[in-house]
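Next come the chains, spelled out residue by residue.
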Amino acid sequence: FARMFVQVCLYFYCKCLWRCLKFVVRKLTGQCELQRICYNTKPGAARTMKIEASLKGSKSKRLQTSVTVHPDAIEKTIDDIMGLKRINPDVNPQLGVSLQACLLQIVGYRNLIAEVEKLRREPYDSENPQHEEMLLKLWKCLKPNSPLKARISKQWCEIGFQGDDPKTDFRGMGLLGLHNLVYFAEWDTEVAQQVLSDSLHPKYREITKKELSQLSKAEWEKKKFDKAIGYSFAIVGINITDLTYNLLVSGALKTHFYNVAPEAPTLTHFQQTFCYLMHEFHKFWIEEDPLDIMEFNRVREKFHKRVLKQLQNPEMALCPHFAASESLINM
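As the structure is a prediction and not an experimental result, all values here were calculated from the model. Residue numbers run consecutively from 1 along every chain, following the written order of its sequence. Only residues with pLDDT of 70 or above have their local features reported here, since the model is predicted, and side-chain atom pairs are shown and tallied only from 80 upward, although totals for entire chains, interfaces and linings are computed over all residues. The side-chain values count all of the structure's non-hydrogen atoms but skip hydrogen atoms and water molecules.

(A) Structural view of the pattern of salt bridges. Every case where a carboxyl oxygen of Asp or Glu lies within 4 Å of a side-chain nitrogen of Lys or Arg is listed as a salt bridge. Tallied over the full model, the rule gives 17 salt bridges. Residue Glu52 pairs with Lys254 through a salt bridge whose shortest N-O separation is 3.0 Å. With Glu52 in helix α3 (residues 45-56) and Lys254 in helix α13 (residues 254-260), this residue pair connects regions lying 202 residues apart in the sequence. We classify Lys254 as buried; its relative accessible area is 17%. When the shortest N-O distance is used, the salt bridge between Glu280 and Lys283 registers 2.9 Å. Pair noted here: Glu280 and Lys283 are both in helix α14 (residues 267-288), with a separation of three residues, about one helical turn. Relative accessibility decides the category of a residue: with a 1.4 Å probe and only protein chains considered, values under 20% of the type maximum give buried, values over 50% give exposed, and everything between is partly exposed. Overall, Glu280 belongs to the buried group, its relative accessible area being 16%. Through salt bridges with shared partners, one network takes in Glu288, Glu295, Arg298 and Lys302. Here a helix means four or more residues in a row that DSSP labels H or I, a strand means two or more in a row labelled E, and each is numbered from the N terminus.

What follows is the structure in structure tokens.
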């Protein structure tokens, strides 16, 4: 009880002290916290995340709810914020532009989570012609010179599905997994085909002396002919979709999206990120040189931690070729 009492006292003390400090700084600088952030922090994740934290931590309910408004209401929300903070928009015209860009990113991120979640929850339906069309497009993009002989076919294993009907493999990620795979195969075709080829024809893995000393004779006989550093392309794609989804929902991808999307991040940004992570995981898998496919979860977890560490850098953009536009730089 004593420990809890002390923690409660410290919380209120720090909260009151922080508000007092903000009041003093505003009197000294003549600027509110939002103005100081926009004027002293360059655009991108660093600025947007500070603005988001400031609005959420405000004592004003109107400011707290400004991060959840509909995109069409952002302009009015900016006017309300300026009014509540007693900021003259004619004297501070750039502030409204900067706040609008930040709010578009913040609200857009929330909406993107909802859009991605909707796709994830929608199951694959073989009776839906649109679903079937997407699945067949995946095959055509990855295997353009090998016609699919039948809808239900062992050929699906050639692109990394587990059985002769891929619909059963989409249960975990729903349509989101299929959308990502099709996007990768259609818009980054050369890389997707190369990754598929590598996964099907992995190089022979030599057993090191150290590993040999740790293996029994039976295990050595198995590993001696093992080519299992390859993996099932489609199944791994669905798994990396899950990884990308978790990065999004946890908020870890805010750093990346706030740096590459000048306004609201979209589903396309999410799919581009999936393509990048799919390619990077493939390279990481080869670098790790696992003994067999049973090490997949270990390698995936290590890769996940590496990406999380990268995203702790507020200037990080996972996909440098999807850089923010010049309009963001000028905001």
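(B) The environment of His256, seen in detail. Position of His256 among the secondary structure elements: in helix α13. Residue His256 is classed as buried on the basis of its relative accessible area, which comes to 2%. Pairs of residues are marked as contacts when any of their non-hydrogen atoms sit within 4.5 Å. Residues in contact with His256, not counting those within four places in the same chain, are Thr273, Leu311, Met316, Ala317, Leu318 and Cys319. What qualifies as a polar contact is a pair of N or O atoms within 3.5 Å, subject to a donor-acceptor requirement within protein and to the restriction that residues adjacent in sequence count only when both atoms come from side chains. A distance of 3.0 Å separates a polar atom in the side chain of His256 from the backbone nitrogen of Leu318.

(C) Structural view of the packing of aromatic side chains. Pairing of aromatic rings covers Phe, Tyr and the six-membered ring of Trp, with a centre-to-centre limit of 6.5 Å; geometry is then stacked below 30 degrees between planes, edge-to-face above 60, and tilted otherwise. A complete count under the given rule lists 16 aromatic pairs for this structure. Measuring from centroid to centroid gives 5.5 Å for Phe281 and Phe296, while their planes differ by 65 degrees, and the two rings are edge-to-face. One end of the pair, Phe281, is in helix α14; the other, Phe296, is in helix α15 (residues 296-311), with 15 residues separating them in the sequence. A relative accessible area of 0% means that Phe281 is categorised as buried. Taken together, the aromatic side chains of Tyr231, Phe281, Phe284, Trp285, Phe296 and Phe303 make up a single cluster linked through ring pairs.

(D) Region of the structure containing the state of the cysteines. Pairs of cysteine sulfur atoms within 2.5 Å are what we label disulfides. Applying the stated rule across the entire model yields zero disulfides. Not part of a disulfide, Cys32 finds its nearest cysteine sulfur in Cys38, a span of 8.4 Å. Residue Cys32 is classed as buried on the basis of its relative accessible area of 1%. Of all cysteine sulfurs in the structure, the one in Cys102 sits closest to Cys38, which takes part in no disulfide; the separation is 5.4 Å. Given a relative accessible area of 5%, Cys38 falls into the buried group.

(E) Inspection of the nonpolar core at higher detail. Ile51, Leu138, Leu178, Leu277 and Leu318 are the most contacted members of the largest nonpolar core, which has 82 residues in total. A domain-level breakdown of this core finds at least three residues from each of domain 1 (31-121) and domain 2 (129-312). The definition of a nonpolar core used throughout is a set of buried Ala, Val, Leu, Ile, Met, Phe, Trp, Tyr and Cys residues joined through side-chain atoms within 4.5 Å. Per the annotation, domain bounds derive from an automatic or database assignment of domains.

(F) Expanded view of the packing of helix α8 (residues 174-187) against helix α9 (residues 189-200). In this description, a line fitted to the C-alpha atoms serves as the axis of each element, helices being fitted only across the stretch in contact, and the angle between N-to-C directions of two axes falls anywhere from 0 to 180 degrees. Axis separation between α8 and α9 bottoms out at 5 Å; the angle between their running directions is 110 degrees. Our classification of the angle between α8 and α9 gives roughly perpendicular. Counted together, Phe184, Ala185, Glu186 and Trp187 of α8 and Thr189, Val191 and Ala192 of α9 form the full contact between these two elements. The classification used treats Ala, Val, Leu, Ile, Met, Phe, Trp, Tyr, Cys and Pro as nonpolar, Asp, Glu, Lys and Arg as charged, and all other residues, Gly among them, as polar. A per-class count over the contact of α8 with α9 returns five nonpolar, one polar and one charged. For classification purposes, an angle smaller than 35 degrees is called roughly parallel, one larger than 145 roughly antiparallel, one from 65 to 115 roughly perpendicular, and anything else oblique.

(G) Representation of the confidence of the model for the protein. Scored by pLDDT, the protein comes out at a mean of 85, with 81% of its residues at no less than 70. pLDDT: the predictor's confidence for each residue, scored from 0 to 100. The model gives residues 23-28 a pLDDT under 50, and that stretch makes seven contacts with residues more than four places away or in other chains. The low-confidence segment residues 224-228 (pLDDT under 50) makes 10 contacts with residues lying over four places distant or belonging to another chain.

(H) Main features of α9. In a helix, the anticipated span is given by 1.5 Å times the number of residues less one. An ideal rise of 1.5 Å per residue puts 16 Å on 12 residues; α9 measures up with 16 Å between its terminal C-alpha atoms. Of all the positions in α9, only Ala192, Val195, Leu196 and Ser199 are classed as buried. The buried residues of α9 all sit within an arc of 100 degrees when viewed along its axis, so they share a single face. Contacts made by the buried residues of α9 are with α7 (129-142), α8, α12 (233-250) and α14. The directions considered for the arc run from the helix axis to the C-beta atoms.

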